Amino acid sequence: MSPARRTRPRNRAALILAASTDLFCRRGYSQVGMADIAEAVAIRPSALYRHFAGKQQLLGEVVLGTLTDIRDLVVSLDGADRNVWLPALAGMALDNRRIGVLWRRESRHLASADRLRMRHELGGIRDRLAALALIARPGSDVDTAALRAWFLPAVLLNVSFHRLQLPRAEFQPLLTELAGTVLDVDLPSAAGRRLPVVTELHTRQDFRADHMPHVQLGTPRQGATAGAPPGALAPKSRREALLLEATRMFADRGYAEVGIDDVGASLGMTGAAVYHHFSTKLEMLQSAFRRGDEWLWADLTRTLGLATDPTDGLRRLVRSYGSFAVHSPDLVNLLLTETNQLPDAGRRAHLSQRAYLDEWVHLALAVHPGLDPTVARIRVHAVLTAANQVARGRRLRQHPAALPSLYVIGDALLGLPPETGALEEPVSG
């Protein structure tokens, strides 16, 4: 409960941060003003500015504050047994269910210095998770451990993107099991960097994460666009070029931060040429959402038509969505971050996305008839969140083992038997 107006609690700064976290998660950064935050803590906006210079500083405090808490937890677990650190991380994810939304959707709006700090902190957390993975899988190599360290947080933080509930005594062990699956599955080999040094280090009893060399998952290709191979052809259509560029810019900077003229200018097009194809910025956004939604449903229908049984269908869906995430990352990120910019807060888009997820859950329950429906839905969310992590991370997306690893992890999270034969390659988005 907010304090009565005109009272001055000693923890006012903490109350402001808590209110900001709630509003940023529920409405989105661009839909929240300082007046909204002041109202939430029952103070005047002028009093709010005594504590924080502006909304962007508040966002930095919120996002980096959560990172600091997680870093401290991971540091405290350095060298621990998996039976200790996996439940601890699962508990952290349940205690901080908004973390994933803040990182994925709102971190784009951080000040440059805060973005750099966030990347540095995340890199350090991943290095420590990779060190823990090496201890849990002593025969593994550093690059495969690094891949596990990218997928582990995604699987744990799937709880940030839904409101499903289970008793804590069931939820935490379930998340622990899902994270353990990322450790236990045999991933395609990603070996090739610094293996001799890491093998020597992680077999020592005094090995700690500080000894872990930082792993670069890949470097961006000069001039390459997201998901496009070098020399890839571009459509001749100017409308298509505008839609692709709008999708990229909206996903990268946020819909509210991009003007329709910005999209045209990035392609060297004047306002008149842009308005010939799209009358408003909202029309661009709606067109991009329709494209993503229709692609998901069209490929789901195609995929199910090829399946021989529910197990095969579910396996094919993992590959369908994984391919979409790798080859159309801007579209995936747009679908995940800009729904609240649509009319009626994107209610129609939310309903379509939920119906798409229902198809996965239906197959999961057909494969495992005794599975609790809520547990089935959480497992599906874990797979989709892992795929979305690939779409989000350019270096991860370009790693040659990332997509095959996603397929293996996705199958295991859904309780599917190991794949024995090659499936037809999914059509990319």
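Note that the structure is predicted; figures quoted are calculated from it, not measured. (Residues numbered from 1 in each chain as written. Predicted model: local features only at pLDDT ≥ 70, side-chain atom pairs only at ≥ 80, totals over all residues. Heavy atoms only, no water.)

Some points on the overall build of the chain
- Regarding its fold elements, the chain presents 20 helices and 0 strands.
- Across the 429 residues that make up the chain, the buried fraction comes to 52%.
- Within the chain, counting contacts between residues at least 6 apart in sequence, those at least 24 apart form 76% of the total. (Helix = DSSP H or I, 4+ residues; strand = E, 2+ residues; numbered from the N terminus. Buried < 20%, exposed > 50% of the residue type's maximum accessible area, 1.4 Å probe, protein only. Contact = heavy atoms within 4.5 Å.)

Some details on empty space enclosed by the protein
- Counted by the stated rule, this structure contains 3 cavities of 30 Å³ or more.
- By volume, the second largest cavity amounts to about 70 Å³.
- Around the second largest cavity sit 15 residues that line it, and Ser30, Arg108, His109, Glu338 and Gln341 are the ones nearest its centre.
- In the lining of the second largest cavity, the residues fall into 3 nonpolar, 7 polar and 5 charged. (1 Å grid on protein atoms, 1.4 Å probe; cavity = no way out; pocket = protein on both sides within 12 Å on 5 of 7 lines; lining within 4 Å. Points joined across faces, edges and corners; volume = space filled by probe spheres on them. Nonpolar A, V, L, I, M, F, W, Y, C, P; charged D, E, K, R; others polar.)

So, the packing of aromatic side chains
- Taken as a whole, this structure holds 7 aromatic pairs when the rule is applied.
- Residues tryptophan 295 and phenylalanine 324 carry aromatic rings whose centres are separated by 4.4 Å and whose planes lie at 15 degrees to one another, so their mutual orientation is stacked. Separated by 29 residues along the polypeptide, tryptophan 295 in helix α14 (residues 281-306) and phenylalanine 324 in helix α15 (residues 310-327) bring together distant segments of the chain.
- Positioned above the aromatic ring of tyrosine 29, the side-chain terminus of lysine 55 is 4.1 Å from the ring centre.
- Above the plane of the ring of tyrosine 255 lies lysine 281, whose end atom (NZ or CZ) is 4.0 Å from the centre. (Phe/Tyr/Trp six-rings, centres within 6.5 Å; stacked < 30°, edge-to-face > 60°. Lys NZ or Arg CZ within 6 Å of the ring centre and 35° of its normal.)

Concerning the nonpolar core
- Counting residues in each nonpolar core, the largest one holds 127 residues, and the members touching the most others are Ile37, Trp85, Trp103, Leu175, Met284, Tyr321 and Trp360.
- The leading source of residues in this core is helix α18 (residues 373-392), at 11 residues. (Core = buried A, V, L, I, M, F, W, Y, C linked by side-chain atoms within 4.5 Å.)

Topic: the confidence of the model for the chain
- In this model, the chain carries a mean pLDDT of 85, and residues with pLDDT of at least 70 account for 86%.
- Across the chain, the element-wise mean pLDDT spans from 32 in helix α10 (residues 195-202) up to 97 in helix α9 (residues 168-184). (pLDDT = per-residue confidence, 0-100.)

Considering the pattern of salt bridges
- Tallied over the full model, the rule gives 21 salt bridges.
- Between glutamate 338 and arginine 108 there is a salt bridge, and its shortest N-O distance comes to 2.7 Å. In this pair, glutamate 338 is assigned in the loop between α16 (329-337) and α17 (347-367) and arginine 108 in the loop between α6 (99-106) and α7 (112-136), connecting sequence segments 230 residues apart. For the pair formed by glutamate 338 and arginine 108, the shared burial category is buried.
- In this structure, arginine 377 engages aspartate 358 in a salt bridge whose closest nitrogen and oxygen atoms are separated by 2.5 Å. Separated by 19 residues along the polypeptide, arginine 377 in helix α18 and aspartate 358 in helix α17 bring together distant segments of the chain.
- For arginine 377, a relative accessible area of 14% gives the class buried.
- Among the ionic contacts, a cluster of salt bridges with common partners joins Arg71, Asp72, Arg117 and Glu121. (Salt bridge = Lys/Arg side-chain N within 4 Å of Asp/Glu carboxyl O.)

Topic: α14
- The end-to-end C-alpha distance of α14 is 38 Å, a good match for the 38 Å that 26 residues give at a rise of 1.5 Å each.
- If you check which residues of α14 are buried, you get Lys281, Met284, Leu285, Ser287, Ala288, Phe289, Gly292, Trp295, Leu296, Asp299, Leu300 and Thr303.
- In this fold, the buried residues of α14 make contact with α11 (238-253), α12 (260-266), α13 (271-277), α15, α16 and α17. (Expected span 1.5 Å × (residues − 1).)

Digging into the side chain of arginine 108
- Judged by relative accessible area, which is 17%, arginine 108 ranks as buried.
- Of note is the side chain of arginine 108, whose polar atom sits 3.3 Å from the backbone oxygen of alanine 251.
- At a separation of 2.7 Å, a polar atom in the side chain of arginine 108 contacts the side chain of glutamate 338.
- Among residues more than four places away in sequence, those in contact with arginine 108 are Arg115, Phe250, Ala251, Asp252, Arg253, Gly254, Thr337 and Glu338. (Polar contact = N/O pair within 3.5 Å; in protein donor to acceptor, adjacent residues only side chain to side chain.)

Some remarks on α11
- Taking 1.5 Å per residue as the helical rise, α11 with its 16 residues ought to reach 22 Å, and the 22 Å between its terminal C-alpha atoms agrees with that figure.
- The set of residues buried in α11 consists of Glu240, Ala241, Leu242, Leu243, Glu245, Ala246, Thr247, Met249, Phe250 and Ala251.
- The elements touched by buried residues of α11 are α12, α13, α14 and α16.
- For α11, the capping residue at the N-terminal end is serine 237, with a side-chain oxygen 3.3 Å from the backbone nitrogen of arginine 239.
- Residue glycine 254 follows α11 closely and has a positive phi angle near 100 degrees.

Describing the packing of α16 against α18
- For the pair α16 and α18, the least separation of the axes is 9 Å and the interaxial angle reads 120 degrees. When the axes of α16 and α18 are compared, the pair comes out oblique. The hand of the α16/α18 crossing is left-handed. Listed contacts from α18 to Pro329, Val332, Asn333 and Leu336 of α16 are Asn388, Ala391 and Arg392.
- Grouping the constituent residues of the contact of α16 with α18 by class yields 4 nonpolar, 2 polar and 1 charged. (Axes fitted to C-alpha atoms, helices over the stretch in contact; angles between N-to-C directions. Parallel < 35°, antiparallel > 145°, perpendicular 65-115°, else oblique. Left-handed = near helix turned anticlockwise from the far one by under 90°.)

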